[in-house]
Amino acid sequence: MDQRLSPRRRAYDLGLRLCMIFCVGVTCALLIFLIGYIFCRGLPNLTWDLLSGQTSYIQNTIGILPNILNTLYIIFVAMVIVLPLGVGAAVYLTEYAENRRLVSLIEFAAETLTGIPSIIFGLVGMLLFVQKMNLQAGILAGGLTLVVMILPTILRTTQESLKTVPQSYREGALGLGAGKWRMIRTVVLPNAIDGIVTGCILAVGRIVGESAALLYTAGFGLVLSGFYKALHTSSATLTVALYVYANERGETAVAFSIASILMLLTLLINLSAALLGRKLKKN
């Protein structure tokens, strides 16, 4: 029996293939253009004084070291809080919860929260953490606001990764006499590490790129502070500093330099998380 396609069908398939190739080419070209444009405008303006100094109106200097440190501080605070909460909630909903209607309701609520604009989280964080809880604008208030923002992402990615672990793995571990928690800790979680790492990468990427929510909760401070002081002191992250320099001070060159650093920082964090996840899975 002749299985060859008709000329009309071959032409149709060829057209669709060319259309998809065109779409991929346009997407890649736009991505390369944006990355190249930012690096071409930002990298030539990167200097050691910019990276290691701080902004001073008296000395008329510009430095982004406080903003780099504030970004690392807020990543640390947010991930230390959200990672146990998100992974623990996902494990409970997947492995322990028996009321499927309640689980479905929580999943729907988590998916709904992921679509809410970040400015809404910023307003809620300002009202709750800064005004009601009397926390001053700083890393702690901003980190808690980001926890609320990225918790649904960690929860859903971890939950979907846990669901991909074959049920036979659980049955085999239980059949060998392992308790339920030991089964989850030694069998389920190691096989779901890829999804957990993916959720962490998405969460860190959103933290690094967030500005709207942090404008109301972390503040605009450009002064160099230690970790404990920055928790309760107005501290601008790199994205907030980019907004300040680009819109309020008209320092376009500095803004492009910060954008370049943000891209390099995001790439470094993603590569580190991927290597860590691969090592954990191998072990």
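For the structure itself, look to the data block above.
Quick look at the structure, then. Keep in mind the model is a prediction, meaning the values are calculated, not measured.

Focus: helix α5 (residues 118-132)
Here comes step 1: The first and last C-alpha atoms of α5 sit 20 Å apart over 15 residues, in line with the 21 Å expected at 1.5 Å per residue.
Here comes step 2: A maximum bend of about 30 degrees is found in α5 at Gly125.
Here comes step 3: Of all the positions in α5, only Ser118, Phe121, Gly122, Gly125 and Phe129 are classed as buried.
Here comes step 4: Where α5 is buried, its residues contact α4 (100-113), α6 (139-163), α9 (193-209) and α10 (212-217).

With respect to the pattern of salt bridges
Here comes step 1: The full count for this structure, using the stated rule, is seven salt bridges.
Here comes step 2: Of the charged contacts, one joins Lys163 and Glu107 as a salt bridge, the two residues approaching to 3.2 Å between their closest N and O atoms. Linking Lys163 in helix α6 with Glu107 in helix α4, this pair joins segments that are 56 residues apart in sequence.
Here comes step 3: The class for Glu107 is buried, based on a relative accessible area of 14%.
Here comes step 4: One salt bridge connects Glu160 with Lys163, and the closest N-O pair in it is separated by 3.9 Å. Of the two residues, Glu160 and Lys163 are both situated in helix α6; the distance of three residues between them amounts to about one turn of the helix.
Here comes step 5: Among the ionic contacts, a cluster of salt bridges with common partners joins Glu107, Glu111, Arg156, Glu160 and Lys163.

Parameters and conventions
- Residues numbered from 1 in each chain as written.
- Predicted model: local features only at pLDDT ≥ 70, side-chain atom pairs only at ≥ 80, totals over all residues.
- Heavy atoms only, no water.
- Helix = DSSP H or I, 4+ residues; strand = E, 2+ residues; numbered from the N terminus.
- Expected span 1.5 Å × (residues − 1).
- Bend = angle between axes of the 7 residues up to and from the residue.
- Buried < 20%, exposed > 50% of the residue type's maximum accessible area, 1.4 Å probe, protein only.
- Contact = heavy atoms within 4.5 Å.
- Salt bridge = Lys/Arg side-chain N within 4 Å of Asp/Glu carboxyl O.

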